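A look at the structure
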Amino acid sequence: MNVPTGRLFSTFFAVFCLLTPQAVRAELVATSSETVFLELNPLQNGTSALSLVWPIDHPTQDRVAALKAGISSIVSGGTSSRSSYEINSFLNLKGVEQQVDVTGQNLILTVSGPNEVFPETLVHLRNLLLKPEYSSDWYARELERLSQTHSTITRRPSDVLTEVADYLDHEPGDAANGVNDGDIRFGRPIQAILRSEDQVVKGRTDRLIKNLPTAATKWELPIAKWVAALTGGGKNTFTLPKGIVHFADPDSTEMLILFVSAEEFRNVNDQLGANLLTDYIGANQGSEMFRIVRQTMRAAYDPRSDFVVMGEKKAMISLSATVEAREWPEVYDKIKDIYQGVRSGDVEQESLEFQLDSLDRAYHYNFYNDPVWAVRQYIHAHPKGVTGDISIPLFGAFGTLSAEEVIKDSEELLPPFEDFLIILIGGGRAPSDILQSNGYCALPKSTPLRFCLDVLSNAENL
């Protein structure tokens, strides 16, 4: 009697050992609660779209990169019934787009395509999420493709702002335990946002969500919640240090000058007013920076201002120009003069009214034609979802804000120039002692901006 029992136990143990690593190795990213399923107004460009939103626990820089690479691998790396080549062929033939995005602590996958092919697109998406097959090498390639390029290499303002945004949104640190070779599965999302009037699409979307696995409920002890509330745990401070980040390249004939500030606004009207003034400074060909820095001084090909919305009533304000290395101090002073003039109310009301109308049209056009942009605006307003009537307060602000009011309040809407972080990348002489007196960090080669942002922040906190 004992021998068969022993053999049976040995067999069971061997099978268990073979199966257990596979079960343990994969990580499930999913919500433990019901998915908030909502419908936004249909798009006006003949396409339908579905955005699935997953929460990012422990949103460190590496963790976010791992999850982005994981979902990107799933939508491109093949399934049990379709190879990666067949998936790519399907997307190209049907005109389907798959975009991965991150905003704050949310990972977003948006799938869009022509209305007539979207029902079968949802079948395709279901197979991707339920039956993914991709190798660790595929994941590694996706991780490398999606990894940030140091802005000191590209020297593009957009890349600098991407690094700064990552600093504001995510803490440094390794990916959470459980992400081994990118073996990640994505289950039920916390939100699903649909842009379609087709009843078949709505039904398939609902079935898709219900077919996805749900995470196990996580219990949190009351004392842990109390300690987190008392210490402010889990809250990110939306602020940047003052001072100068300087990456010196003596071989470069150009210098990128970039000013950036992280701002939290009292209400959406203040946010819209600050956006309007920032655009007036340098967002298009009629702006002050274009007219003075490019046309009059002929000092930069593409001087610009950027207003980057980061969350509910949160944004980065940035001014930048790439100039001849020996002329950078002169252009620096001129941009400072332009900014301070606008902040003091030196603004043509007629031009600002034109900017307001242009911004209004751009927001509404993007909302009805760009599903990724629209979902970001929605999540900024409703990070945890909403039931019942859906509204995005920022859109309503266009009907209540006047150019005259913005000019009158310009000094309150824009931060003092001294609050900006200054980033210099390229050749030319070093910043003066006066500029360095507010804080200075020389950025080493092949080093992310986060290094100097931490140095300057730590110096301020001493």
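Residues numbered from 1 in each chain as written. Predicted model: local features only at pLDDT ≥ 70, side-chain atom pairs only at ≥ 80, totals over all residues. Heavy atoms only, no water.

Let's talk about the overall build of the protein
The number of helices and strands found in the protein is 19 helices and 13 strands. For the protein, the residues scored as buried account for 47% of the 462 residues in total. Residue pairs in contact within the protein that sit at least 24 positions apart in sequence constitute 82% of those at least 6 positions apart. Of the roughly 23400 Å² of accessible surface on the protein, a fraction of 50% belongs to carbon and sulfur atoms. (Helix = DSSP H or I, 4+ residues; strand = E, 2+ residues; numbered from the N terminus. Buried < 20%, exposed > 50% of the residue type's maximum accessible area, 1.4 Å probe, protein only. Contact = heavy atoms within 4.5 Å. Areas by Shrake-Rupley, 256 points an atom, 1.4 Å probe, with all protein chains shown as cover.)

So, a negative patch on the surface
On the surface, D346, E348, E350, E353, E404 and E405 cluster together to form a negatively charged patch. Among the secondary structure elements, those contributing two or more residues to the negative patch are helix 13 (349–369) and helix 16 (403–408). The residue E348 is located in the loop between helix 12 (328–343) and helix 13 in this model. (Patch = residues over 30% accessible without salt bridge, like charges linked within 9 Å, V, L, I, M, F, W, Y side chains within 5 Å. Salt bridge = Lys/Arg side-chain N within 4 Å of Asp/Glu carboxyl O. Lys, Arg positive; Asp, Glu negative; His and termini not counted. Charge placed at Lys NZ, Arg CZ, Asp CG, Glu CD.)

Examining the sheet that holds strand 13 (residues 440–442)
Pairing in this open sheet of six strands is mixed, and the strands run 10-11-9-12-8-13 from one edge to the other. Of all the strands in the sheet, just strand 10 (304–311) and strand 13 have a single pairing partner and so form its edges. Pairwise comparison of adjacent strand axes, ignoring direction, gives a mean angle of 15° for this sheet. In this sheet, strand 11 (residues 314–324) lies alongside strand 9 (residues 254–264) in antiparallel orientation, the contact comprising eleven bridges. For F259, the partnering residue across the bridge sits in strand 11 and is L319. (Pairing = 2+ DSSP bridges. Axes fitted to C-alpha atoms, helices over the stretch in contact; angles between N-to-C directions.)

Observations regarding the sheet that holds strand 7 (residues 191–195)
With respect to topology, five strands assemble into an open sheet ordered 2-7-3-5-4, the strand pairing being mixed. Strand pairing shows two members of the sheet lacking a second neighbour, strand 2 (36–39) and strand 4 (97–103), which therefore form its edges. Direction aside, neighbouring strands of the sheet carry axes that sit 15° apart on average. As paired strands, strand 2 and strand 7 are joined by four bridges and run parallel to one another. Pairing of E39 across the sheet is with L194, part of strand 7. Docked against the sheet, helix 4 (residues 118–130) engages strand 3 (47–55), strand 4, strand 5 (106–114) and strand 7, running at close to 25° with respect to strand 3.

Remarks on the side chain of S410
Relative to the assigned elements, S410 resides in helix 17 (residues 410–413). Under the relative-accessibility criterion, S410 is labelled buried at 2%. Here the side chain of S410 touches R343 through a polar contact of 2.9 Å, landing on its backbone oxygen. Among the polar contacts listed, one links the side chain of S410 to the backbone nitrogen of G345, at a separation of 3.3 Å. Once residues lying within four places of it in the same chain are set aside, the contact partners of S410 are L277, V342, R343, S344 and G345. (Polar contact = N/O pair within 3.5 Å; in protein donor to acceptor, adjacent residues only side chain to side chain.)

Some thoughts on helix 14 (residues 371–381)
Within helix 14, ten of the eleven residues are buried, which leaves the element mostly enclosed by the surrounding structure. All of the buried residues along helix 14 are P371, V372, W373, A374, V375, Q377, Y378, I379, H380 and A381. By the N-cap criterion, in which a side-chain oxygen at the helix start approaches the backbone nitrogen of a residue two or three places on, helix 14 is capped by D370, the distance to V372 being 3.2 Å.

Let's talk about the state of the cysteines
Scanning the model with the defined rule gives one disulfide in all. Here C441 engages in a disulfide with C452; their sulfurs sit 2.1 Å apart. As the torsion about the S-S bond is roughly -75°, the C441-C452 disulfide counts as left-handed. Of this pair, C441 sits in strand 13 while C452 sits in helix 19 (residues 450–460); the two residues are eleven residues apart in sequence, bridging distant segments of the chain. Considered together, C441 and C452 belong to a single accessibility category, that of buried residues. (Disulfide = S-S within 2.5 Å.)

Some words on the pairing of strand 3
Among the nine residues in strand 3, seven count as buried, and that is most of the element. Bridge count between strand 3 and strand 5: nine bridges; the pairing is antiparallel. Residue T47 lies in a different strand from strand 5, and its bridge partner there is P114. In this structure, strand 3 lies alongside strand 7, joined through five bridges in antiparallel fashion.

Section: the packing of helix 10 (residues 268–282) against helix 12
Where helix 10 meets helix 12, the closest approach of the two axes is 10 Å, and the angle between their N-to-C directions is 140°. With respect to helix 12, the element helix 10 is oriented oblique. Helix 10 and helix 12 meet at a crossing whose hand is right-handed. Between helix 10 and helix 12, the residues in contact are L277, Y280 and I281 and I338, Y339 and V342, respectively. Taken together, the residues of the contact of helix 10 with helix 12 sort by class into six nonpolar, no polar and no charged. (Parallel < 35°, antiparallel > 145°, perpendicular 65-115°, else oblique. Left-handed = near helix turned anticlockwise from the far one by under 90°. Nonpolar A, V, L, I, M, F, W, Y, C, P; charged D, E, K, R; others polar.)

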